[in-house]
Amino acid sequence: MSRIAIVGAGPAGGTLAVWLARAGLHPLLIDAERSAGGAGWRGREGDGLRRAIAQARLDYRPETEVIDIAADRRLTLLGPSGQAVTETADCIVLAPGATERPLPVPGWTLPGVLGLGALQRLLKQDGMRPAGPLALVGSGPLLRLAADQMIAAGVHLSGIVDAGRPADLRLLSGLARRPGALARGAVMEMRRRLAGVPLYHDFPVAVHGAERVESVELSDGRRLEASLVGLGFGLQSNTELARLAGLTLAWNDAWSAWLPERDEEFQSSREGIFVLGDGAGLGGLTLAEAEGICLAAGLIEKAAKPLPPGLAVARRRASRRLPSLRKAGQALAVWSQISPAALRAIPDATIICRCEGTSVGSVRNALADGYRSPAAVKLASRAGMGLCQGRTCEAGLRAIVEAAGLPPADFPPGTVRLPLRPVPASAFVRTEPDSPEQGHRSA
């Protein structure tokens, strides 16, 4: 195994890369961000991982996007130089993490509506504090975490609107496997109450404003003053690269999501391609790190190399924790779900696809006309047919379809195509032979 390429430098991919480097395998670590740590470790909590990557003997390429994965495990990369380059690997590990799960509400296209993750990034990575008043709308643990971070930063919160399902036995039993998470949640709730931030359980809501956000209207007509709105309905596994690589995805009831198939050693349906962390099922930072440790040990053994000091013990501990961490992750995914009745109450006129200007009503009309497959619904409504390839609207489209009674297992995710994101044509105009991407560090 002479060349291992890892996509994603968060807790899963970054941890894996560091251990492989310690074993002398000199992996290629690719990350779209300028700093390692992923979305969860953007702040000081990721300093340890960033130091370990900086000290490791590996080929680290930050600010580099993977825009294609060919059948022969050849990756096309676009980095700081603006020139597309190719790298071929014997083994590819996808650790893309999770993305926010946006759902349509009236007025969500107004200037001043941001994703919860965007608000967190501005605060933690860029040091930009919203002036307020800020209203947060969404569901699941990300909503409570973002609220706690804003309260700690002194942001004026006019209210938190939680659209998630009430806690039930499945949620509580899953969270009981993570007592630390339960304790942190209790502390967050105490801080919210002490700060006097009101909490509402409501959905759907509507965002109002003439030229930008001015308020959020609850279903009973009350309004929360807001110059900014943070919107986010939990997280979803990022499967774009898995689909681009042609991996088999299957409906997973435990996570209520379409996820890449993989075996006990994290290998996907394609030999030599592995999937780690939240990209294979939401589980959080601890689970992602544990999977990175376990795969590192397995790949080092396959390469007939001795395990670095400490890795054997770390693998045993991580392996023991995997089942309980996955159960907790599944419970958190359930917490973020919105009831079908609430989804059916979203007004028909609400925009669902920003690229095409498609409304929720047009999707419902397509279903009423008998269209049932993803391709047919998209062709009939134009939802998901735009430049972003459904990145912004697919979660909402799936939610509306499921609320209409179509089984989610009958509605697989859409096809993704090269390139995943718009790139300049100049990236593919070669003026000189292939050379290593400018701006990367190879120790």
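The structure under discussion appears in the preceding block.
Residues numbered from 1 in each chain as written. Predicted model: local features only at pLDDT ≥ 70, side-chain atom pairs only at ≥ 80, totals over all residues. Heavy atoms only, no water.

Asker: Got a minute to help me understand the overall build of the protein in this structure?
Answerer: On a plain count of helices and strands, the protein comes out with 13 helices and 23 strands. Since a compact globule built from 443 residues should have a radius of gyration of about 22 Å, the 22 Å found for the protein is in line with a globular shape. On the principal axes, the C-alpha backbone points of the protein span a range of 65 × 50 × 40 Å. Expressed as a percentage of the 443 residues in the protein, the buried residues total 52%. Taking the intrachain contacts of the protein between residues at least 6 apart in sequence as the baseline, contacts between residues at least 24 apart amount to 67%. (Helix = DSSP H or I, 4+ residues; strand = E, 2+ residues; numbered from the N terminus. Rg over C-alpha atoms; globule rule 2.2 N^0.38 Å. Buried < 20%, exposed > 50% of the residue type's maximum accessible area, 1.4 Å probe, protein only. Contact = heavy atoms within 4.5 Å.)

Asker: Just to check I follow, could you spell out helix α3 (residues 116-124) for this structure?
Answerer: In an α-helix, one full turn covers 3.6 residues, which means residues spaced three or four apart are oriented alike. Along α3, the residues that are buried comprise Leu-116, Gly-117, Leu-119, Gln-120 and Leu-123. Summarising the axial view, the buried residues of α3 lie within an arc of 160°, below the 170-degree limit, and thus occupy one face. Summarising the contacts, the buried residues of α3 are in contact with β8 (98-100), β9 (113-115), β10 (134-139), α4 (141-152) and β16 (228-233). (Arc of directions from axis to C-beta.)

Asker: In this structure, what is going on with the sheet that holds strand β5 (residues 74-78)? I would like to understand it.
Answerer: As summarised here, the arrangement of the three strands in space is β4-β5-β6, forming an open sheet in which the pairing is antiparallel. Sheet topology places β4 (65-69) and β6 (84-88) at the edges, where each strand pairs with a single neighbour. In this sheet, neighbouring strand axes are inclined to one another by 30° on average, regardless of whether the strands run parallel or antiparallel. Inspection of the sheet shows β4 paired to β5 by four bridges, in the antiparallel sense. Its bridge partner lying in β5, Asp-68 is registered against Thr-76. (Pairing = 2+ DSSP bridges. Axes fitted to C-alpha atoms, helices over the stretch in contact; angles between N-to-C directions.)

Asker: Please explain helix α11 (residues 360-368) as it appears in this structure.
Answerer: Restricting attention to buried positions, one finds in α11 the residues Val-360, Gly-361, Val-363, Ala-366 and Leu-367. Against the buried residues of α11 lie β21 (351-353), β22 (358-359), α12 (374-381) and α13 (394-403). Taken from the residues just after α11, Gly-370 is the one with a positive phi, measuring 100°.

Asker: Help me understand the nonpolar core in this model?
Answerer: Looking at soluble globular proteins, one finds that nonpolar side chains tend to be buried together. If you look at the biggest cluster of nonpolar residues, it comprises 43 residues, and the most contacted ones within it are Leu-16, Val-93 and Leu-299. When residues of this core are traced back to their parent elements, those giving at least two are β1 (4-7), α1 (11-22), α2 (47-55), β7 (91-94), α8 (285-302) and α9 (311-335). Sorting elements by how many residues they give to this core places α8 first, with ten residues. Grouped together as the second largest cluster of nonpolar side chains are 40 residues, Ala-163, Ala-226, Cys-393 and Ala-399 included. (Core = buried A, V, L, I, M, F, W, Y, C linked by side-chain atoms within 4.5 Å.)

Asker: Explain empty space enclosed by the protein here, please?
Answerer: Tallying each qualifying case throughout the model produces one cavity of 30 Å³ or more. In this structure, the largest cavity spans a volume of roughly 30 Å³. In terms of lining, the largest cavity is formed by Leu-94, Pro-96, Asn-238, Thr-239, Leu-241, Ala-242, Val-275 and Gly-279. The residue makeup of the lining of the largest cavity, split by class, is five nonpolar, three polar and no charged. (1 Å grid on protein atoms, 1.4 Å probe; cavity = no way out; pocket = protein on both sides within 12 Å on 5 of 7 lines; lining within 4 Å. Points joined across faces, edges and corners; volume = space filled by probe spheres on them. Nonpolar A, V, L, I, M, F, W, Y, C, P; charged D, E, K, R; others polar.)

Asker: Honestly, the side chain of Glu-189 in this entry has me stumped. Any pointers?
Answerer: Along the chain, the position of Glu-189 falls in helix α6 (residues 179-195). Within the structure, the side chain of Glu-189 is placed 2.6 Å from the side chain of Arg-192, a separation counted as a polar contact. (Polar contact = N/O pair within 3.5 Å; in protein donor to acceptor, adjacent residues only side chain to side chain.)

Asker: How should the packing of α11 against α12 be read in this particular structure?
Answerer: At a closest axis distance of 9 Å, the pairing of α11 and α12 adopts a crossing angle of 125°. Put simply, α11 runs oblique to α12. Crossing angle aside, the handedness with which α11 passes α12 is right-handed. Each of Ser-362, Val-363, Ala-366 and Leu-367 in α11 lies in contact with α12, whose residues at this interface are Val-377, Ala-380 and Ser-381. Residue composition of the contact of α11 with α12, grouped by class: five nonpolar, two polar and no charged. (Parallel < 35°, antiparallel > 145°, perpendicular 65-115°, else oblique. Left-handed = near helix turned anticlockwise from the far one by under 90°.)

Asker: It is not clear to me how the sheet that holds strand β15 (residues 223-225) should be interpreted in this structure. Could you clarify?
Answerer: Strand pairing in a sheet is mediated by backbone hydrogen bonds. Such pairs are either parallel or antiparallel. Reading across from one edge, β13-β14-β15 is the order of the three strands in this open sheet, with antiparallel pairing throughout. Either end of the sheet is taken by a strand with one partner, and the two such strands are β13 (206-208) and β15. For this sheet, the mean inter-axis angle between neighbouring strands, taken without regard to orientation, is 25°. The sheet contact formed by strand β14 (residues 215-217) and β15 spans three bridges and is antiparallel. For Ser-215, the partnering residue across the bridge sits in β15 and is Glu-225.

Asker: Quick question: what am I supposed to make of the pairing of β1 here?
Answerer: Residues in a regular strand project their side chains so that they alternate between the two faces of the sheet. The alternating pattern of β1 places Ile-4 and Ile-6 on one face and Ala-5 and Val-7 on the opposite face, and all of these are buried. Judged from the four bridges that link them, β1 and β7 form a sheet pairing that is parallel. Looking across to β7, one finds that Val-7 is bridged to Leu-94. Bridging between β1 and strand β2 (residues 28-30) involves three bridges; their strand directions are parallel. Directly across from Val-7, in β2, lies its bridge partner Ile-30.

Asker: Explain the pattern of salt bridges here, please?
Answerer: Between side chains of opposite charge, a pair can form as their charged atoms come close. Under the criterion given, the structure shown has 25 salt bridges. Two residues, Arg-326 and Glu-291, come together in a salt bridge whose shortest N-O distance is 3.1 Å. Pair noted here: Arg-326 is in helix α9 and Glu-291 is in helix α8, with a separation of 35 residues, a long-range link. Accessibility expressed as a relative area gives 25% for Arg-326, which makes it partly exposed. Salt bridges here are not isolated pairs; linked through shared partners, they connect Arg-144, Asp-162, Glu-189, Arg-192 and Arg-193. (Salt bridge = Lys/Arg side-chain N within 4 Å of Asp/Glu carboxyl O.)

Interpretation note: all reported values are geometric properties and have no functional meaning in isolation.
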